[in-house]
Amino acid sequence: MIAVTAAGSESWQIAGQRFDRVVLDEATQAPDPIALVALQQAPWAVLAGDPHQLPPTVIGEEAEALGLSETFFERLAAGPHAAELVTLLRVQHRMHEALMAFPNAATYGGELRASPEVAKALLTEVEGVREDPSRAGPFVLLDAVGRGWEEEREGEDPSTRNPGNAVRIVAEVRRLVSRGVTPEDIGVITPYQAQVRLIRDGLVDLLDQGLEVSSVDGFQGREKLVIVVDLVRSNDAGEIGFLRDVRRMNVALTRAKRWMMVLGDGALMARHRYYKGLLEHAETTDAWCSAWSDEGEALG
């Protein structure tokens, strides 16, 4: 068995070798030319991936228009023989069942099940982690409606940022650490690089201790005990931009193992079907929390 990248499967070290089977992981992110490099190495192939998460990165508009952004996996899954070729792995081994609930209903048709090992696993069961009464459940949606935390762009930077959100994210991460959560067990995900930079600036000391602050793409295929998601967008026009691709948000919402907070503007969320569903899910499961209730202060 040899493990390589798809492109690396044609490297000189293994040139001329043939294999019984190719297993192509993250196949829904592999454009056809890259996938073919690996698939030509064996007569049988197993493609593993999730078409509801990140697509291939295709920069050229012409290449995208010609179909390069659609993968072999997606075409097989949508084809006439999908029932014979495609298998859904229905048991997930990462998330508490409360964290799984919305992605399961919104994206996977309610077909997923949490394995017994993770279904009830709570953050407070980790040694040294204290309870936070106002953020007690595994999932918290922190609604910033009315706080006046507006999005902005700086200079010629095309990326969007939200300074008010960033300040609150910094406070919430420090609150988690004050509860006993180690920085290396915390990941902060936001769709915009400008916001990544703002949040990192406020948490430099914790970055040195293992905290990760990154884009959605940076967390694909990964997990953390705790995830904090910053949606960033807040405007009167109802514009959500990058968030329109709900596959990216599905990635963000499925990285946490035991606890997750999502910070967003409820008024904006309510104007878009997917995010309205997330907001309503939080309200009906007692996961909704107003950003007016406190300032995210560290626990004493």
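Above this text you will find the structure in question.
Caption draft 1: A look at the side chain of R248. Tracing the backbone shows R248 in helix α11 (residues 246-252). Contacts of R248, omitting those with residues within four sequence positions, involve L54, P55, V216, D217 and F242.

Caption draft 2: How the structure looks around the pairing of strand β9 (residues 256-264). Counting buried positions along β9 gives seven out of nine residues, so the element sits mostly inside the fold. Bridge count for strand β5 (residues 139-143) against β9 is five bridges, and the pairing is parallel. Its bridge partner lying in β9, L142 is registered against L263. Across six bridges, the pairing between strand β8 (residues 224-230) and β9 is parallel. Bridge pairing links K224 to A256 in β9.

Caption draft 3: The arrangement of the layout of surface pockets in detail. Computed from the structure, the largest pocket encloses a volume of approximately 1500 Å³. Lining the largest pocket are 37 residues, with G49, D50, F73, T87 and L89 positioned closest to its centre. When residues of the lining of the largest pocket are traced back to their parent elements, those giving at least two are β2 (44-47), α3 (72-78) and β3 (91-92). Partitioned by chemical class, the residues of the lining of the largest pocket number 20 nonpolar, 10 polar and seven charged. What the second largest pocket holds in volume is close to 380 Å³. Per-element accounting of the lining of the second largest pocket gives the leading share, four residues, to strand β1 (residues 21-24). Among the residues making up the lining of the second largest pocket, the classes are represented as 11 nonpolar, three polar and two charged.

Caption draft 4: Just the pattern of salt bridges, in detail. This model, assessed by the stated rule, comprises 24 salt bridges. A salt bridge links E223 to R94, with the shortest nitrogen-to-oxygen separation between them at 2.9 Å. Of this pair, E223 sits in the loop between α10 (216-219) and β8 while R94 sits in the loop between β3 and α5 (97-107), and the two are 129 residues apart along the sequence. A salt bridge links E154 to R161, with the shortest nitrogen-to-oxygen separation between them at 3.5 Å. Residue classification places R161 among the buried positions, given a relative accessible area of 18%. Among the charged side chains, a salt-bridge network with shared partners connects R135, R168, E172 and D294.

Caption draft 5: Structural view of the packing of helix α7 (residues 163-179) against helix α8 (residues 193-202). Where α7 meets α8, the closest approach of the two axes is 9 Å, and the angle between their N-to-C directions is 45 degrees. What the angle tells us is that α7 and α8 run oblique. Crossing hand, α7 versus α8: right-handed. Side by side, α7 and α8 meet where P163, N165, A166, I169, V170 and R174 of the first sit next to Q195, L198, I199 and G202 of the second. Taken together, the residues of the contact of α7 with α8 break down into six nonpolar, three polar and one charged.

Caption draft 6: The side chain of D265, seen in detail. Relative to the assigned elements, D265 resides in the loop between β9 and α12 (266-269). With no salt bridge to any partner, buried D265 finds its closest opposite charge in R271, at an N-O distance of 8.5 Å. A distance of 2.6 Å separates polar atoms of two side chains, one belonging to D265 and the other to S234. Discounting chain neighbours no more than four positions away, the residues touching D265 are D143, A144, V145, R233 and S234.

Caption draft 7: View of empty space enclosed by the protein. Taken as a whole, this structure holds two cavities of 30 Å³ or more when the rule is applied. Reported here for the largest cavity is a volume of approximately 50 Å³. Around the largest cavity, the lining residues are L231, R233, I240, L243, G264, D265, L268, M269 and Y275. Among the residues forming the lining of the largest cavity, the class breakdown is six nonpolar, one polar and two charged. Empty space within the second largest cavity amounts to approximately 40 Å³. Lining the second largest cavity are A98, L99, F102, P103, F139, L253, M260, L278 and H281. Mapped onto the lining of the second largest cavity, the elements with two or more residues apiece are α5 and α13 (273-284). Broken down by class, the residue content of the lining of the second largest cavity amounts to eight nonpolar, one polar and no charged.

What counts and what doesn't
The written sequence of each chain sets the order in which its residues are numbered from 1. The predicted origin of the model limits local features to residues at a pLDDT of at least 70 and limits the giving and counting of side-chain atom pairs to 80 or more, whereas totals for whole chains, interfaces and linings rest on all residues. Only hydrogens and water are removed before side-chain values are computed, so all heavy atoms of the structure are retained for them. The way it works is that DSSP assigns letters per residue, a run of H or I at least four long becomes a helix, a run of E at least two long becomes a strand, and they are numbered from the N terminus. By the convention used here, residues are in contact when the closest approach between their heavy atoms is within 4.5 Å. To sort residues, take the accessible area from a 1.4 Å probe on protein chains only and compare it with the maximum for the residue type: under 20% means buried, over 50% means exposed, and anything in between is partly exposed. When DSSP finds two or more bridges between two strands, those strands count as paired. A 1.4 Å probe that fits into a set of points on a 1 Å grid over the protein atoms alone but cannot get out defines a cavity; an open set with protein on both sides within 12 Å along at least five of seven lines defines a pocket, and lining residues are those with an atom within 4 Å of a point. Grid points are joined across faces, edges and corners, and a volume is the space filled by probe spheres set on the points. Three residue categories are used. Nonpolar comprises Ala, Val, Leu, Ile, Met, Phe, Trp, Tyr, Cys and Pro, charged comprises Asp, Glu, Lys and Arg, and polar comprises the others, including Gly. We define a salt bridge as a contact between a side-chain nitrogen of Lys or Arg and a carboxyl oxygen of Asp or Glu at a distance within 4 Å. Lines fitted to the C-alpha atoms define the axes, with helices restricted to the stretch that makes contact. Angles between their N-to-C directions range from 0 to 180 degrees. Roughly parallel covers angles under 35 degrees, roughly antiparallel covers those over 145, roughly perpendicular covers 65 to 115, and oblique covers all other angles. Take the far helix as your reference; a near helix turned counterclockwise from it by less than a right angle gives a left-handed crossing, and one turned clockwise gives a right-handed crossing. Neither His nor the chain ends contribute to the count of charged residues, in which Lys and Arg are positive and Asp and Glu negative. Side-chain atoms alone can form a polar contact between residues adjacent in sequence; in general such a contact is a pair of N or O atoms within 3.5 Å, and within protein one must be able to donate a hydrogen while the other accepts it.

Note that every value here comes from positions in space, so none of it alone points to a role or purpose.
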